[in-house]
Amino acid sequence: MTAPAQQFKSQARVLARDLRHREIIQVALRNYEVVRDKTRSAFQDYQAARQAAAETKWEALNHLDRYLEQFVANLEARGTRVHWASTGQQAREIISEILRSKKARSIVKSKAMTSEEIHLNEALEHEGFEVVESDLGEFIVQLRKEPPYHIVFPAMHLTRGDIKEVFARELGGASSDNPEELTMIARRVLRQKYIHADIGFTGANFAIAETGMISVTENEGNALLTAALPKTMITLLGIEKVLPRLEDLALFLPMLATSGTGQALTCYNTMYGGPRQPGESDGPEEYHVVLLDNRRTELLADAEQRDALHCIRCGACLNVCPIFRNVGGHTYGTTYSGPIGSVITPHLRGLQDWKHLSYSSSLCGACSQTCPVKIDLAHHLLHNRRNAVRQKPSLIWKMGFKVFAFVFNRPGVYRWIGPMGRVGQIFHGMIQGTRLDPAYSWTKTRKAPKIAPQSFKEWWKERR
Ligand code: SF4
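Here the structure is a predicted model, which means the values were calculated and not measured.

Let us now look at the overall build of the protein. If you tally the helices and strands in the protein, you get 24 helices and 10 strands. The proportion of buried residues among the 464 residues of the protein is 48%. In the protein, of all internal contacts separated by at least 6 residues, the share reaching a separation of at least 24 is 74%. Surface summary for the protein: the accessible area is close to 23,400 Å², and the carbon and sulfur share equals 56%. Across the protein, the 60 positively charged side chains and the 49 negatively charged ones have centroids separated by 11 Å.

Below, the structure written as structure tokens:
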């Protein structure tokens, strides 16, 4: 078993039994489900909206070369410097080079999962830069030195008490666990960071080819401040974020808000199109956009699974996944957790090391049903399983299927399977669930099904 699989298994075992953890997640998601359903019902035809969103993404991805060029040309026309990064390493180098050239010391960041994907914070801190997350949830997990727990709700696994504790320890404040007081403490700290930051850093929810603009969606206004105050701004985004037209946002912004947080629309939806233009009163003097591939083009080349790039990172599939709800986000050991993480991580980080994630699913299909851009995640998990076996078949599986084929091709042999199984089951019953049991990993938590006392064929024969 690979190290990531081992880590997943041992952590899942602990967390699935942790009733407090489970309770926190259930409570956090209960309210989400109510408001999400209410907002969905406000759409004239939610299923038609999903179909339209899927088709728009299909168009964007199938003509990505053209739309990316258009996006970049429009951005550059307003003075933005665009950088292309094939790998996470290249993206980190580009960003730290910009920081060095500006003699920057501090960076204030708004939420960007792409930066988590390339481990940007660790790399920049290693070089001596101060990196501050300004999204409240991200700020809390950064203080706890943890990765985000969820794509949309980074601190979902924490109670108010946990947050009070970390604020008291790291910021020397917090006399109560009142959410308003806690928010004010974070706000006081962060306001100072915005004022003194040399660089503002954001991710992007969408990139509009037609206008060359970056669309950022948020609820706290932190991304606005991140972009408005520092003199230099950097945006890092994956190349799959492109949408063809500005009017597409009329569909995608409400879809993202509804699926992500259950809101009709998030509080702040801002478009960034370049550095401060003559006559404008705010905005950065210099704007850099880093476009990240990091194996996305390999996924794009896979016609069968290409639509996994349609993902708008709303997190809805995580919220409905029975596995995520029981084992939590950190157990996956990946940037993107839940069903979408299980589908794309093997593509981004290696199929053999991460194939176990394809099995961390009940295949109930709830993720496919909820996805606003209609990615058939459950089927993609099956594709990943098949590809992993094709690439490197396990000896036990190979032998198992050989035996299966041998028996099922020979009716004379097959006839003896039932009686032999019934005898074997008597002996198996003596060791079932113990370490002597060859099927221990299965039977330690379940009972083996009983073989029927009579096969259908025997019953049919007797009946006549
Ligand atoms: S796969 Fe679909 S449901 Fe899951 S995060 Fe992406 S867009 Fe949302």
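Glancing now at the environment of Gly203. Structurally, Gly203 is set in the loop between β4 (199–202) and β5 (206–208). Setting aside its immediate chain neighbours within four residues, Gly203 contacts Ser110, Lys111, Ala112, Ile214, Val216, Thr235 and Leu236.

Attention shifts here to the sheet that holds strand β6 (residues 213–218). Strand order across the open sheet formed by four strands is β8-β5-β6-β9, with mixed pairing between neighbours. On the outer flanks of this sheet lie β8 (242–243) and β9 (268–272), each paired with one strand and no other. Across the sheet, helix α12 (residues 249–260) is in contact with β5, β6, β8 and β9; its angle to β5 comes to roughly 175 degrees.

Here the second largest pocket is characterised by a volume of approximately 1,300 Å³. Top contributing element to the lining of the second largest pocket by residue count: helix α1 (residues 3–16), with six residues. A per-class count over the lining of the second largest pocket returns 14 nonpolar, nine polar and nine charged.

We describe a pair of aromatic rings using the distance from one ring centre to the other and the angle between the two ring planes. A full pass over the atoms with the stated rule returns 14 aromatic pairs. Taken together, the ring pairs connect Trp397, Phe401, Phe404, Phe408 and Tyr414 into an aromatic cluster. Between Arg313 and the ring centre of Tyr336, over which it is positioned, the NZ or CZ distance is 4.3 Å.

On inspection of all chains with the given rule, the structure shows 19 salt bridges. Where Arg296 meets Glu240, a salt bridge forms, and the shortest distance between an N and an O atom there is 2.8 Å. Residue Arg296 is located in helix α13 (residues 296–300), and its partner Glu240 is located in the loop between β7 (232–238) and β8; the two are separated by 56 residues in the primary sequence.

Let us now look at the sheet that holds strand β10 (residues 286–292). One open sheet holds the six strands; their spatial order is β1-β10-β7-β4-β2-β3, and the pairing between them is parallel. Of all the strands in the sheet, just β1 (81–85) and β3 (130–133) have a single pairing partner and so form its edges. Across the sheet, the mean angle from the axis of one strand to that of its neighbour is 20 degrees, orientation sign disregarded. Here β1 runs beside β10; their pairing, made up of five bridges, is parallel. Bridge pairing links His83 to Val290 in β10. Of the strands in this sheet, β1, β2 (106–109), β4, β7 and β10 touch helix α5 (residues 88–101), which is tilted by about 150 degrees from β1.

Bringing the packing of helix α9 (residues 160–171) against helix α10 (residues 179–196) into the picture now. The contact between α9 and α10 brings their axes to 11 Å, and the two run at 35 degrees. Note on packing geometry: the crossing formed by α9 with α10 is left-handed. Here α9 contributes Arg160, Ile163, Lys164, Phe167 and Leu171 to the contact with α10, which in turn contributes Pro179, Leu182, Ile185, Ala186 and Val189.

Structurally, Glu117 is set in helix α6 (residues 113–117). Glu117 sits 323 residues away from Tyr440 along the chain, and the two C-alpha atoms are 37 Å apart.

Among the 13 residues in the neighbourhood of the ligand, the closest are listed as Cys311, Cys314, Gly315, Cys317 and Cys371. A per-class count over the shell around the ligand returns 11 nonpolar, one polar and one charged.

To continue, consider a positive patch on the surface. Judged by side-chain charge, Lys9, Arg13, Arg17, Arg435 and Lys444 come together as a positively charged surface patch. Tracing the sequence through the fold places Arg435 in the loop between α22 (417–431) and α23 (440–443). Its relative accessible area of 70% is what places Arg435 among the exposed residues.

Reading guide: rules and limits
- Residues numbered from 1 in each chain as written.
- Predicted model: local features only at pLDDT ≥ 70, side-chain atom pairs only at ≥ 80, totals over all residues.
- Heavy atoms only, no water.
- Helix = DSSP H or I, 4+ residues; strand = E, 2+ residues; numbered from the N terminus.
- Buried < 20%, exposed > 50% of the residue type's maximum accessible area, 1.4 Å probe, protein only.
- Contact = heavy atoms within 4.5 Å.
- Areas by Shrake-Rupley, 256 points an atom, 1.4 Å probe, with all protein chains shown as cover.
- Lys, Arg positive; Asp, Glu negative; His and termini not counted.
- Charge placed at Lys NZ, Arg CZ, Asp CG, Glu CD.
- Pairing = 2+ DSSP bridges.
- Axes fitted to C-alpha atoms, helices over the stretch in contact; angles between N-to-C directions.
- 1 Å grid on protein atoms, 1.4 Å probe; cavity = no way out; pocket = protein on both sides within 12 Å on 5 of 7 lines; lining within 4 Å.
- Points joined across faces, edges and corners; volume = space filled by probe spheres on them.
- Nonpolar A, V, L, I, M, F, W, Y, C, P; charged D, E, K, R; others polar.
- Phe/Tyr/Trp six-rings, centres within 6.5 Å; stacked < 30°, edge-to-face > 60°.
- Lys NZ or Arg CZ within 6 Å of the ring centre and 35° of its normal.
- Salt bridge = Lys/Arg side-chain N within 4 Å of Asp/Glu carboxyl O.
- Left-handed = near helix turned anticlockwise from the far one by under 90°.
- Near = heavy atom within 4 Å.
- Patch = residues over 30% accessible without salt bridge, like charges linked within 9 Å, V, L, I, M, F, W, Y side chains within 5 Å.

Read these as spatial facts, not as claims about activity.
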